[in-house]
Amino acid sequence: MIKKSLLNNRQIKFIAFALFVVIVVMINSCKNSGLLDSPPAFIQFTTGPQNNEVLFVDKVAFGWKGASSDYTFRYRILSIDGENFPSTYLDWTVFSKTMEVSLNNLDEGKFRIEVEGRSGSLTETIKREFSIDAVQGPSLLFFKTQTTLRVGLQDSIGIWMEDVDSLAAYSVVIVFDKSKVEFMGVRPGLYITQQKFKQIIVPDFADPDILNFVNTTGRIEIYTALLTDLGSYPNKSISGSGRILNLVFRGKARGTSGIEITSLSLKNPSRASIQFKPPKDGVIEVK
């Protein structure tokens, strides 16, 4: 009787241990599959650069998918400045079945793509940030490289300095298609105001005669210098990358206008020339 009772106790212990093992395996399986605390994403990126990856070309491609075939998607691109402030670079597209995008002629800087997926009443947005460093300076380029204008409406195109050291003054000649766009004037660049400098711009494009001459010739000639202010003292120049001037255009007729820097001179505080690489041209599409 004693031996039989002992055998039953062993069986009970074995069964209890087996049940414990099964429970542990089930818990680990649930955790690994994300059923407990990591539910699978309803939409996810399938291709494209990793988050915060730096690309040395001016193009990028992304792909994504939803958890089921009834999803529709839209996306937008945000530009993120040096203070991590986002602004619209490419506005939201319409919802569609599109699950990929390829972007070319991107500007220098940091960007964020946001993809929103919709299935019935369910919506979800995924995001990924990346940077473009396709231009190795020192040089100047247009921001945006490719700009879209509407006939009769205005927009600004920035002149962006890329990896320039000790810039105190510069002159630039820009040509455009006068039959497609009309030049409206200039505004100081955000990067210069952020560095607490004042900017002198010559000639005075508020003069109607000067504007008329520019739009008759399709040629903009600008001379500008930086002045040390109370906030920028004792610095006499700026370095790095950022927008140093804004050119304001208005759409005139449908079509495409190239915008090109044909002459450029960069100066440091000692008035010595700063060597630079050929500037990158831009495009204005008028719709």
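Going by the structure above, here's the rest.
Described in the following lines is the structure provided in the data block. None of these values were measured; they are calculated from a predicted model.

**Notes on the overall build of the protein**
Phase 1: Looking only at helices and strands, the protein has three helices and 18 strands in total.
Phase 2: By residue count, 36% of the 287 residues in the protein fall in the buried class.
Phase 3: Long-range pairs, those at least 24 residues apart, make up 73% of the contacts in the protein with a sequence separation of at least 6.
Phase 4: For the protein, the accessible surface area stands at approximately 16,600 Å², while carbon and sulfur atoms represent 55% of it.

**Quick look at a nonpolar patch on the surface**
Phase 1: A cluster of nonpolar residues, Ile-200, Val-202, Tyr-223 and Leu-227, forms a patch on the protein surface that exposes about 340 Å² of accessible area.
Phase 2: Secondary structure elements with two or more residues in the nonpolar patch: β14 (197-202) and β15 (219-228).
Phase 3: Structurally, Leu-227 is set in strand β15.

**Let's talk about the environment of Glu-260**
Phase 1: With respect to the helices, strands and loops of the structure, Glu-260 is situated in strand β17 (residues 255-267).
Phase 2: Here Glu-260 falls in the partly exposed class, since its relative accessible area comes to 36%.
Phase 3: Taking C-alpha positions, Glu-260 is 6.8 Å from Phe-176, a pair spaced 84 residues apart along the chain.

**Concerning the side chain of Ser-232**
Phase 1: Turning to its location among the elements, Ser-232 is positioned in the loop between β15 and β16 (238-251).
Phase 2: Relative accessible area serves as the criterion here: at 2%, Ser-232 is assigned to the buried category.
Phase 3: A polar side-chain atom of Ser-232 sits 3.1 Å from the main-chain carbonyl oxygen of Lys-196.
Phase 4: For Ser-232, the contacting residues outside a window of four places in its chain are Gln-195, Lys-196, Phe-197 and Leu-227.

The rules behind these values
- Residues numbered from 1 in each chain as written.
- Predicted model: local features only at pLDDT ≥ 70, side-chain atom pairs only at ≥ 80, totals over all residues.
- Heavy atoms only, no water.
- Helix = DSSP H or I, 4+ residues; strand = E, 2+ residues; numbered from the N terminus.
- Buried < 20%, exposed > 50% of the residue type's maximum accessible area, 1.4 Å probe, protein only.
- Contact = heavy atoms within 4.5 Å.
- Areas by Shrake-Rupley, 256 points an atom, 1.4 Å probe, with all protein chains shown as cover.
- Patch = residues over 30% accessible without salt bridge, like charges linked within 9 Å, V, L, I, M, F, W, Y side chains within 5 Å.
- Salt bridge = Lys/Arg side-chain N within 4 Å of Asp/Glu carboxyl O.
- Polar contact = N/O pair within 3.5 Å; in protein donor to acceptor, adjacent residues only side chain to side chain.

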